[in-house]
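For reference, the chains in residue letters:
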Amino acid sequence: MTDFLGNHLNLNVGLLLPEIILAVGSVLVVFLDMFWEKAGRGSAPLVTFLTLIAAGVASASDIDAVDDFARMVSIDNFTTFFRFMFIGVGIMLVIGGWEYVDKHVNHPAEFYALLLLSTVGAIFMASARDLLIAYLGIEVLSFSLYIAVSLGKNDNRAGEAGLKYVLLGGVASAMLLYGLSLLYGVAGSTQYGDIAGALQGDLTGLHMPLILGLTLIVSGLGFKVSAVPFHMWAPDAYEGAPMPVTAYLSATSKGATLALFLRWFGGPLLPAIGDWQWMMAVIATLTMVFGNLIALQQHNVKRLLAYSSIAQGGFMLMAVTTVSDISASALLVHLGGYVITNLALFLAIIQFYNRTGKEEITDFAGLSRTNPYLAVVITAGLFSLAGMPLLAGFFTKFILFQAVVQGGFLWLVVVAVVGSTVSLFYYLQVIRQMYIYEPVGDASRWTISGSGYIATGVLLAAIVFVGIQGAPLYTVADRAAFALFDGAPVAAAAGHAAPAAPAAAPKAGGH
Amino acid sequence: MFARLPLPSQFDRIIITGGLVGVMVMGPILIALVTLYMMSRITGGEVVFYLASVVVLGGAIAAVSLSNLVHSALSLIATLMGVAAIYLMLLSEFLALVQILVYGGGVIILVIFGLMLTNAQDDPVVLDGSQKPFAFGVGAMICGLFVAAALLAQWGPLEANLVPFPDFGKRLFGDYGLPIIIVAFLLDIAFTGALVNARRAEHAGSKEAAK
Amino acid sequence: MIPLQNFLVLSALLFGIGFYGVLARRSAILILISVEIMLAAVAINFIAFATYRDPKAFSGLVFALFVIAVAAAEVGLALGIVLRLFRERRTANVDEASSLKW
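These numbers come from a predicted model, not from an experiment. (Residues numbered from 1 in each chain as written. Chains lettered and ligands numbered in written order. Predicted model: local features only at pLDDT ≥ 70, side-chain atom pairs only at ≥ 80, totals over all residues.)

Description of the overall build of chain B
Looking only at helices and strands, one finds seven helices and zero strands in chain B. Its helices and strands taken in sequence order, chain B reads α-α-α-α-α-α-α from the N to the C terminus. For chain B, buried positions account for 29% of its 211 residues. Within chain B, contacts between residues at least 6 apart in sequence are counted, and of these 47% link residues at least 24 apart. (Helix = DSSP H or I, 4+ residues; strand = E, 2+ residues; numbered from the N terminus. Buried ≥ 20, exposed ≤ 12 C-beta atoms within 10 Å, placed from the backbone. Contact = placed C-beta atoms within 7 Å.)

Next comes the structure, spelled out in structure tokens:
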């Protein structure tokens, strides 16, 4: 089969099987809820869980594939990495969050359907090889989140958070699109490969539209990843949203946007690196500095984590600044560690909220007496985010900083290290409440549900495992980054002694 | 009986004011354009283009500056229909049709419904923020930068040709089949969203009643 | 033939006007109207570039069609949320909805 221009088209639908399963599952969830009330409230999370498992199994068959669907979507290890990540986030949220959803979310079935559909959007953001697919992926994910943010039950912050998110999101999409239209005008195509070719060619007389287009693209994407001049939606949306949605915003939404950053700035936009590198460095710096400083003043734990995840986004944008196969691989390692840690933290806080219905930092007083297990999970999560040794955050940050230094941006790493130190202060506030202060009121012990133990336990084990033995994650990330850059693998002997991986010459930004 | 309704007189006022403003703005421009055309300085296509641009920009300026919400929405119609004319100038009739159908038939109605439902009582509403000068500065800067970029860039050899309907259809439903399916997801999501947000009060009420 | 620059200038002005509206307006529905104006500018740009710089593949025409579809869906979605907020707070202004600080 050939397309309109005579190019060969590969229409093997099997390549999109995970996405198809997820989409069908989402329809199933809604219909089951509508037509089969006897199934009760248990059916939606169960069907969602099974759908996600099935999609995960289907993705496993694409490991090491190098293929594309209809010149629109590329199926490679990078795509597979993010498929597993997003599906894993979904599974953890269903296991750890279903009780919360049952109690505090307005339309549980629609919540699960949106969870599945937004995962499809996120996967398309990571796998697109045409601007149109990437844009539609962004919108599928954003639309789901606009709705999911406003699903809170009996929470008068939900509508307001949703409204702010949808309006600012619309403006950001418009800016991103205007930038894409200028890019299309300069390059004359929406295919990633053709854009890269056009930007390598002669651009005389087209520099001004290109730079303006890149500015708008960076701003629009910076909004989606809540980088600092464009972050004002994030704390409100994080606070007003139901907690599983907050966790989803900080994990899948951020991961998908960073995947898009890597796909775009490591692929079609790489030839124009001289034009955008400084923008990215400025945004990364602002994000790290202001994210950490504003977090110091927060007293609501969701807002605290919102600013903390803004600051973490700054660390990751730092790796986009120096984009190369090394820093892409480092970014994927850090993203993996960050997603595991953040999910553990959020699921623990969800369990806390299920019991107490409170979310101020001072409400955590004495948690080490009333529920030592949750206190340990939260402490491990916070210390991992701050980058304490023996936990995931230390290893991943180490790799990330090393890659950025190799990319020639030592000053960015200095800012990041200072930011990390500052972040320890606000993480310690929560830990201090849990361990030093006495519980207020009822000081009797309580336990969490079995599914809560499973979800937090798996993630806690993962945090510790990655912290002690990071090589498997590093190997996987390296293979994913290798798919992005068609050069040699970063670490030829990947799998051991990860931080000392031999440095292949950075192909980009090596000036 | 109809005399008691305030509607007709108000409509008359809108039509008269709008007509007067339209004639006063468009008249001189039309005369200038026709004169230029007579002197063969510009082509017929350009006359239409400039007229459409005046409608588009005038409508847009009115939509972002008028203090009456309904007038703003009505000005948006002028802008969007003018944009459809611009699409015709760009040789893409299909998109012009889509623009008229989707915006004229759907979006505008939706916006006006939104206005009716949210502005039911005559509260004094604050329409404009205090940061108007700042907004004006940013808007002017953006206009300036992008106009400069458009004018200073050398766009190289330009050729324009009409895209026939069948070719467009083949490209859209052949090569772009996957995006069409993704847009189907998107509409599904938007539909769900509108439903869950609109249904909420009733839902909660019925649950309370059930208890 | 009308030069490409004319269309680009028109779209740039339209985009700037829309951006001004987003920043200056406080009513959620008027902000939505401003976003629609910005998206119209985007569509003009895509179609102009497709017609003049990419006449063989005309991907921009298809892109513009999708932009129109997404914009329409976005209005529906956003108005749903506006109505809900209005029911809860009796306001459709973004600065009156401020129990969360910006």
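Let's pick the thread back up.
A word on the overall build of chain A
Scanning chain A for helices and strands turns up 19 helices and two strands. By residue count, 65% of the 511 residues in chain A fall in the buried class. A sequence separation of at least 24 residues applies to 79% of the contacts in chain A between residues at least 6 apart.

Quick notes on the environment of Pro271 of chain A
Within the secondary structure, Pro271 of chain A is located in the loop between helix H10 (243–265) and helix H11 (273–295). Setting aside residues up to four positions removed in sequence, Pro271 of chain A forms contacts with Ala196, Leu199 and Gln200 of chain A.

Section: the interface of chain B and chain C
Accessible area lost upon the coming together of the parts is a frequently used measure of interface size. Taken together, the contacts link 75 residues of chain B with 64 residues of chain C. Elements with a contribution of two residues or more to the side of chain B that touches chain C: helix H2 (44–65), helix H3 (69–89), helix H4 (93–118), helix H5 (132–152), helix H6 (165–175) and helix H7 (177–210) of chain B. The element contributing the most residues to the side of chain B that touches chain C is H5 of chain B, with 13 residues.

A word on helix H2 (residues 28–53) of chain C
Between its first and last C-alpha atoms H2 of chain C spans 37 Å; for 26 residues at 1.5 Å apiece the expected length is 38 Å, and the two agree. Counting buried residues along H2 of chain C, 26 of its 26 residues qualify, which places the element largely inside the surrounding structure. (Expected span 1.5 Å × (residues − 1).)

What about the packing of H11 of chain A against helix H17 (residues 410–435) of chain A?
Residues and elements named next belong to chain A. The geometry of H11 relative to H17 is characterised by a closest axis approach of 9 Å and an angle of 15° between their N-to-C directions. With respect to H17, the axis of H11 lies roughly parallel. Seen from above, H11 lies across H17 with left-handed handedness. Residues Ala281, Ala284, Thr285, Met288, Val289, Asn292 and Ala295 of H11 form the contact with H17, whose own contacting residues are Leu412, Val415, Ala416, Gly419, Val422, Ser423 and Tyr426. (Axes fitted to C-alpha atoms, helices over the stretch in contact; angles between N-to-C directions. Parallel < 35°, antiparallel > 145°, perpendicular 65-115°, else oblique. Left-handed = near helix turned anticlockwise from the far one by under 90°.)

Some remarks on the interface of chain A and chain C
Counting residues at the interface gives 32 residues for chain A, matched by 35 residues for chain C. Taken together, the elements giving at least two residues each to the side of chain A that touches chain C come down to helix H5 (131–149), helix H6 (157–187) and helix H9 (233–240) of chain A. Ranked by the residues each element gives to the side of chain A that touches chain C, the list is headed by H6 of chain A, at 17 residues. Grouping the amino acids of the side of chain A that touches chain C by side-chain chemistry returns 15 nonpolar, eleven polar and six charged. (Nonpolar A, V, L, I, M, F, W, Y, C, P; charged D, E, K, R; others polar.)

Focus: the environment of Ser144 of chain A
Tracing the chain through its elements places Ser144 of chain A in helix H5. C-alpha separation for the pair Ser144 of chain A and Ser118 of chain A, spaced 26 residues apart in sequence, amounts to 5.7 Å. Leave out the neighbours within four places in its chain, and Ser144 of chain A touches Leu114, Leu117, Ser118 and Gly121 of chain A together with Ile189 of chain B.

Here's the deal with the nonpolar core
Counting residues in each nonpolar core, the largest one holds 303 residues, and the members touching the most others are Met125, Val140, Leu331 and Leu343 of chain A, Leu186 of chain B together with Ile47 and Val67 of chain C. When residues of this core are assigned to domains, at least three map to each of domain 1 (16–120) and domain 2 (164–211) of chain B. (Core = buried A, V, L, I, M, F, W, Y, C linked by C-beta atoms within 7 Å. Domains from an automatic or database assignment.)

Focus on the domain arrangement of chain B
Considered domain by domain, chain B is made up of domain 1 (16–120) and domain 2 (164–211). Here domain 1 of chain B and domain 2 of chain B have C-alpha centroids that lie 29 Å from each other.

A few points about unusual backbone geometry
Despite not being glycine, Ala70 of chain A has its phi angle at roughly 55°, a positive value. Under the C-beta neighbour-count criterion, Ala70 of chain A is labelled buried, with 24 such atoms within 10 Å. Of note, Leu91 of chain B is a non-glycine position whose phi angle comes to about 65°, a positive value. On the secondary structure map, Leu91 of chain B appears in the loop between H3 and H4. Taking the number of C-beta atoms within 10 Å as the measure of exposure, Leu91 of chain B has 19 and is therefore partly exposed.

Some details on the confidence of the model for chain B
Residues and elements named next belong to chain B. Looking at chain B as a whole, the pLDDT averages 82, with 83% of positions reaching at least 70. Per-element averaging of pLDDT across chain B places H7 at the bottom with 75 and H5 at the top with 92. Contacts for the low-pLDDT stretch residues 201–211, under 50 throughout, to residues beyond four places or in other chains number one contact. Reported confidences for the modelled complex are a pTM of 0.91 and an ipTM of 0.95. (pLDDT = per-residue confidence, 0-100.)

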